[in-house]
Amino acid sequence: MRRNLWKEDFLENEPPFWPCPACGRETLKPIPRSLSVLEPSGYKHTELSPFEYTFRFKQFFKCSVDECGDIVGVAGDAELVVNSDPTRDEGDDYIYRLFPMAVHRGPPIINLPAETPDSVREELETAFKLFWTDLGSCANKMRISVERALDELGIAAAHTLNLRIKAFETIDPGHAQTFHALREVGNVGSHLGDNTRETVLDAFEVYEDALRNLFGGHRDRIEALKTKIRAVKGK
């Protein structure tokens, strides 16, 4: 997981190279001249400086891989700032800082193993989109995906998610703790709605590790490699 990709803002001349929601490669690039920034007309009737305005923007990104070519739309707020790029062209003294507040389709914040069950994947893909609009709802979708993961792992339904995870503890105590952490983040999202961006990214990162092990076979592969190395005594 590359956390630096998921900042809340970026300069128009320094766009993030988000992974494509269709093919998963970090090949999304802004479509040239697709950035549109509009100024609410009410500002003309105030004494505010343009540097105090909150503009609105929209922009389109496209996957640069020919056989994919997926399109992602981005919209949100923008601020005018001084262009500090020493290589800027003459006249480009100001640029926009962009604050995405809606991204469709949502780029995958974590890598999902190909073996990830559809029921889990679908909830997480919705979480990726909600990350930009509502962190609490995003956290709640992660919590729901944990429920779907427990379904796939054969853990019987129970009155609460907490009880289901406790049942899972008898099988896999390590990943049960990951699920407890995700449950708590999801509970905050459901009841308070004030998850921080940092906490949500933390949750995504620990979830990525669990998914690799539980559905992607990563842990089994590592254990097999350890056994192989021991068998040949490190030679």
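Coordinates for the structure precede this section.
Residues numbered from 1 in each chain as written. Predicted model: local features only at pLDDT ≥ 70, side-chain atom pairs only at ≥ 80, totals over all residues. Heavy atoms only, no water.

Every α-helical turn comprises 3.6 residues, leaving residues that sit three or four positions apart pointing alike. Listing the buried residues of helix 3 (residues 161–169) in full gives Leu161, Arg164, Ile165 and Phe168. Buried residues in helix 3, looked at end-on, bunch into an arc of 95 degrees, giving them a common side. Summarising the contacts, the buried residues of helix 3 are in contact with helix 2 (135–152), helix 4 (173–191) and helix 5 (197–214). (Buried < 20%, exposed > 50% of the residue type's maximum accessible area, 1.4 Å probe, protein only. Helix = DSSP H or I, 4+ residues; strand = E, 2+ residues; numbered from the N terminus. Arc of directions from axis to C-beta. Contact = heavy atoms within 4.5 Å.)

Within the element layout of this structure, Tyr96 appears in strand 6 (residues 94–104). Residue Tyr96 is classed as partly exposed on the basis of its relative accessible area of 22%. The spacing of Tyr96 and Leu112 is 16 residues in sequence and 33 Å in space, taken between C-alpha atoms.

Another point: helix 4. For helix 4, which comprises 19 residues, the first-to-last C-alpha distance of 27 Å matches the rise-based estimate of 27 Å (1.5 Å per residue) to within 8%. Of the residues making up helix 4, those classed as buried are His175, Ala176, Thr178, Phe179, His180, Leu182, Arg183, Val185, Gly186 and Gly189. Within two residues after helix 4, Gly193 carries a phi angle of roughly 70 degrees, on the positive side. (Expected span 1.5 Å × (residues − 1).)

Bridge count between strand 1 (residues 10–11) and strand 6: two bridges; the pairing is antiparallel. What sits directly across from Leu11, in strand 6, is Arg97. Pairing of strand 5 (residues 71–82) with strand 6, which is carried by ten bridges, proceeds in the antiparallel orientation. Pairing of Glu79 across the sheet is with Arg97, part of strand 6. (Pairing = 2+ DSSP bridges.)

What follows deals with the state of the cysteines. Evaluation of the coordinates by the stated rule reveals zero disulfides. Free cysteine Cys138: the closest other cysteine sulfur is in Cys20, separated by 19 Å. (Disulfide = S-S within 2.5 Å.)

Here the focus is the pairing of strand 4 (residues 55–63). Residues Phe55, Phe57, Gln59, Phe61 and Cys63 of strand 4 are buried on one face, while the alternating residues Arg56, Lys58, Phe60 and Lys62, pointing to the opposite face, are not. Pairing of strand 3 (residues 36–38) with strand 4 involves three bridges; the strand directions are antiparallel. Each residue of the ladder has a partner; that of Leu38, found in strand 4, is Arg56. As judged from the eight bridges shared by strand 4 and strand 5, these two strands associate in the antiparallel manner. Bridging across to strand 5, Phe60 finds its partner in Gly73.

This part takes up the environment of Glu184. The residue Glu184 is located in helix 4 in this model. Taking the relative accessible area as the measure of exposure, Glu184 reaches 46% and is therefore partly exposed. Sequence separation of Glu184 and Asn140 is 44 residues, and the distance between their C-alpha atoms is 9.7 Å.

Evaluated as defined, the whole model comprises twelve aromatic pairs. Summarising the aromatic geometry, the rings of Tyr53 and Phe55 are spaced 5.6 Å apart at their centres and angled 55 degrees between planes, so their arrangement reads as tilted. Look at Tyr53 and you get buried, because its relative accessible area is 9%. With a centroid separation of 5.4 Å and an interplanar angle of 75 degrees, the aromatic rings of Phe55 and Tyr96 are classed as edge-to-face. Of the two residues, Phe55 is situated in strand 4 and Tyr96 in strand 6; the sequence distance between them amounts to 41 residues. (Phe/Tyr/Trp six-rings, centres within 6.5 Å; stacked < 30°, edge-to-face > 60°.)

This part covers the layout of surface pockets. Unfilled space is identified by rolling a water-sized probe across the atoms. Here the largest pocket is characterised by a volume of approximately 330 Å³. If you go around the largest pocket, you meet 17 residues; those closest to its centre are Pro21, Gly106, Pro108, Glu125 and Phe128. Broken down by element, the residue count for the lining of the largest pocket peaks at five residues, all from helix 1 (residues 118–130). Tallied by class, the residues present in the lining of the largest pocket amount to eight nonpolar, five polar and four charged. (1 Å grid on protein atoms, 1.4 Å probe; cavity = no way out; pocket = protein on both sides within 12 Å on 5 of 7 lines; lining within 4 Å. Points joined across faces, edges and corners; volume = space filled by probe spheres on them. Nonpolar A, V, L, I, M, F, W, Y, C, P; charged D, E, K, R; others polar.)

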